[in-house]
Structures are given as C-alpha cells and as structure tokens.
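Structural overview for review
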Amino acid sequence: MLTTSTSEQCAAKIMEVVPGVIRFIRADMRRQGQASVSLSQLRVLWFLNRCPQSSLSEVADDLDVTRPTMSAMIERLVQRGFVNRVEDPEERRRVLLTLTATGSKYLEQVSEATRSKVAGVLSPLSDTELQQLMQGIALLEKAFRDVKD
C-alpha cells in the first residue's frame, strides 16, 4: 500500500533521523581519530577539504565557534602539520587556510574507516532497499543543494 507524505511529515522524519546518523558518524570519527585530533579539529579538516583557501572567519562561522577559539584550534593543526596558513595575495590582512598533504591523508584514513562502519550498518539492507536509500539521499541533496543557512 502506497501512502502519501507531506513536506511537513518528511521534515519531521528528517529531523528525527538525521541527528542520530550524524551522532553515529561523529562518534566513530572520534574513535578513529582519538589519538591524534579532537572531533572539532576533524570538523575543521572536513571543512577545509570541502572549502580550500578559506579564512579563519569562514571556518569559525561554519563550526559556530568564536574566532579566538578557531585561531587556537588552527594553531594546533598547523603545529601538527595538518593545515597551512598563507597570506591572501589580494588582501594581506587575510590568511588563507588549506589542508597539507599530511592533513588530507589523515582525514582520508579516518573517513575511510568510518565509511566502512557505516557500510557495515547498511549491509543488512537488500539491494532494492539500498537503491531506494540512494534515491532518497539524492532527493535530499537536490532539495538542499542551493539552500543558504
């Protein structure tokens, strides 16, 4: 039996399910990266992987922390060799942040281990269910692609 869903029902279900998925992913990434970096630092690495050459303010805004907090976090990542800081050639007061090769490699190792865990959780699903899930995720991505915070 096919039932129809409203956008309100979909929104409620997304708000119910997505936080649990995010908690699972964050907890596993924390376990994978425990010895090296904090979860907040991993989130910085993820952001810089998606948005290279970001400013400290942009990273702080994305992670919803103060600039002084982000500055200290970036300093630790620079000292560990995970992040590079360079002056913006067009605006000397602005500093651009990028992942180093070491930071990229570390992020990929942690991500791959977590992807394996998520795949393990999804492995009991049938091929049809996995295809439906991929279609649903594609729709969710499409719906939120151009939405600004």
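This write-up is about the structure you can find in this document. (Residues numbered from 1 in each chain as written. Predicted model: local features only at pLDDT ≥ 70, side-chain atom pairs only at ≥ 80, totals over all residues. Heavy atoms only, no water.)

Topic: the environment of Lys-117
- Mapped onto the elements of the fold, Lys-117 is located in helix α5 (residues 101-122).
- The class of Lys-117 is partly exposed, set by a relative accessible area of 41%.
- Along the chain, Lys-117 and Leu-45 lie 72 residues apart, while their C-alpha atoms are 20 Å from each other. (Helix = DSSP H or I, 4+ residues; strand = E, 2+ residues; numbered from the N terminus. Buried < 20%, exposed > 50% of the residue type's maximum accessible area, 1.4 Å probe, protein only.)

What to know about the sheet that holds strand β1 (residues 54-55)
- Read across the open sheet, the three strands follow the order β1-β3-β2; overall the sheet is antiparallel. The outermost strands of the open sheet, each flanked by one partner alone, are β1 and β2 (83-87).
- The pairing of β2 with strand β3 (residues 95-99) spans five bridges and is antiparallel. Considered in β3, the bridge of Val-83 is made with Leu-99.
- Taken strand by strand, helix α4 (residues 67-79) contacts β2 and β3, and its axis lies near 110° from that of β2. (Pairing = 2+ DSSP bridges. Contact = heavy atoms within 4.5 Å. Axes fitted to C-alpha atoms, helices over the stretch in contact; angles between N-to-C directions.)

A look at a nonpolar patch on the surface
- Where nonpolar side chains cluster on the molecular surface, the patch consists of Val-18, Ile-22, Leu-140, Phe-144 and Val-147 and spans about 400 Å² of accessible area.
- Note on Leu-140: relative accessible area 30%, which makes it partly exposed. (Patch = residues over 30% accessible without salt bridge, like charges linked within 9 Å, V, L, I, M, F, W, Y side chains within 5 Å. Areas by Shrake-Rupley, 256 points an atom, 1.4 Å probe, with all protein chains shown as cover. Salt bridge = Lys/Arg side-chain N within 4 Å of Asp/Glu carboxyl O.)

What to know about the pattern of salt bridges
- Applying the stated criterion to the full structure yields eight salt bridges.
- A salt bridge links Arg-94 to Glu-58, with the nearest nitrogen and oxygen atoms 3.5 Å apart. Taken together, the residues Arg-94 in the loop between β2 and β3 and Glu-58 in helix α3 (residues 56-63) connect sequence positions 36 residues apart.
- A residue is classified by how much of its surface remains accessible, and Arg-94, at 26% relative accessible area, is partly exposed.
- The partner of Arg-115 in a salt bridge is Glu-112, with the nearest N and O atoms 2.9 Å apart. In this pair, Arg-115 and Glu-112 are both assigned in helix α5, three residues apart and thus about one turn of the helix distant.
- Assessed through its relative accessible area of 40%, Arg-115 is described here as partly exposed.
- In this structure, a network of salt bridges that share partners links the residues Glu-108, Glu-112 and Arg-115.

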